[in-house]
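Each chain, letter by letter, is given below.
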Amino acid sequence: MSNKLNIVLFGPPGAGKGTQSEFLIKHFGLVHLSTGDLLRAEIQANSPLGQQAQSLMSEGLLVPDEIVIGMISNKLDANNSAKGFIFDGFPRTKAQAEALDRLLDGRGEEITAMLALEVPTAELVKRLLGRGATSGRPDDKDETVIRKRIGEYEAKTAPLKDYYTAQGKYTGIDGVGGIDEITARLVKAIG
Ligand code: ADP
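Residues numbered from 1 in each chain as written. Predicted model: local features only at pLDDT ≥ 70, side-chain atom pairs only at ≥ 80, totals over all residues. Heavy atoms only, no water.

Asks: Lay out the packing of aromatic side chains with the relevant residues and their values.
Replies: Under the counting rule described, the total for this entry stands at 3 aromatic pairs. Both rings, one in tyrosine 163 and one in tyrosine 164, keep their centres 5.2 Å apart while their planes meet at 75 degrees; by these two values the pair is edge-to-face. Accessibility expressed as a relative area gives 0% for tyrosine 164, which makes it buried. (Phe/Tyr/Trp six-rings, centres within 6.5 Å; stacked < 30°, edge-to-face > 60°. Buried < 20%, exposed > 50% of the residue type's maximum accessible area, 1.4 Å probe, protein only.)

Asks: Explain helix H4 (residues 65–78) to me, and be specific about the residues and the numbers.
Replies: Between the first and last C-alpha of H4 there are 20 Å, a value that for 14 residues agrees with the 20 Å anticipated at 1.5 Å per step. Turning to H4, its buried residues are Ile67, Val68, Ile69, Met71, Ile72 and Leu76. On its buried face, H4 is in contact with strand S2 (31–34), helix H2 (35–44), helix H3 (48–58), strand S3 (84–88) and helix H5 (94–106). (Helix = DSSP H or I, 4+ residues; strand = E, 2+ residues; numbered from the N terminus. Expected span 1.5 Å × (residues − 1). Contact = heavy atoms within 4.5 Å.)

Asks: Tell me what's going on with the nonpolar core, and back it up with residues and numbers.
Replies: Core analysis: the largest hydrophobic core is formed by 29 residues, its most contacted members being Val8, Leu39, Phe87, Leu100 and Tyr164. Secondary structure elements with two or more residues in this core: strand S1 (5–10), H2, H3, H4, S3, H5, strand S4 (113–118) and helix H8 (160–166). Contacts of leucine 39, omitting those with residues within four sequence positions, involve Leu49, Ala53, Met57, Val63, Ile67, Val68 and Met71. Counting residues in hydrophobic clusters, the runner-up holds 21 residues, among them Leu128, Ile182, Leu186 and Ile190. (Core = buried A, V, L, I, M, F, W, Y, C linked by side-chain atoms within 4.5 Å.)

The following block contains the structure:
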């Protein structure tokens, strides 16, 4: 297997994946792949894919697996010489996790570790409503949509803990505290 560093940053909406990714990509020289950011760019460009994703995202529902898997596949191919990747908001279903394993295997690579930011639900709702006041993200403005996203996470995404635990790759990280404190916990876990 290659010596590339491929990290899945895992956790519910509002857990701080985007914030922590910013530091980790700089520190370890990795490429950041956020499916949420990629989807929002498609919506911004008003592409057919963006049009398909928009209503689902505004309701707090996941977009179809084929769409996000296709986007990730393209980005892996476009970054062949990267030292590694941080996957942020992907995989979110078992089908996505299996597809990611296949895509990486085809490149002679694998997931190094899954780091899961653990944050209580009440704190998530508070953070997302706070972000909604400034981010301009429609899905952060409405508490019903926020709770729907957390529900989707619990139903479809949280079970991936078992998938990565079975591979010996799961590490839980306390996601409550100062940003720098949490970064230090992640860096220590990556080793
Ligand atoms: P958050 O995790 O804070 O909700 P994201 O930017 O990761 O923010 O995701 C925003 C929305 O984009 C999700 O609610 C979902 O509709 C869609 N989305 C992002 N990544 C995926 C994915 N891997 N699979 C399906 N839908 C996704």
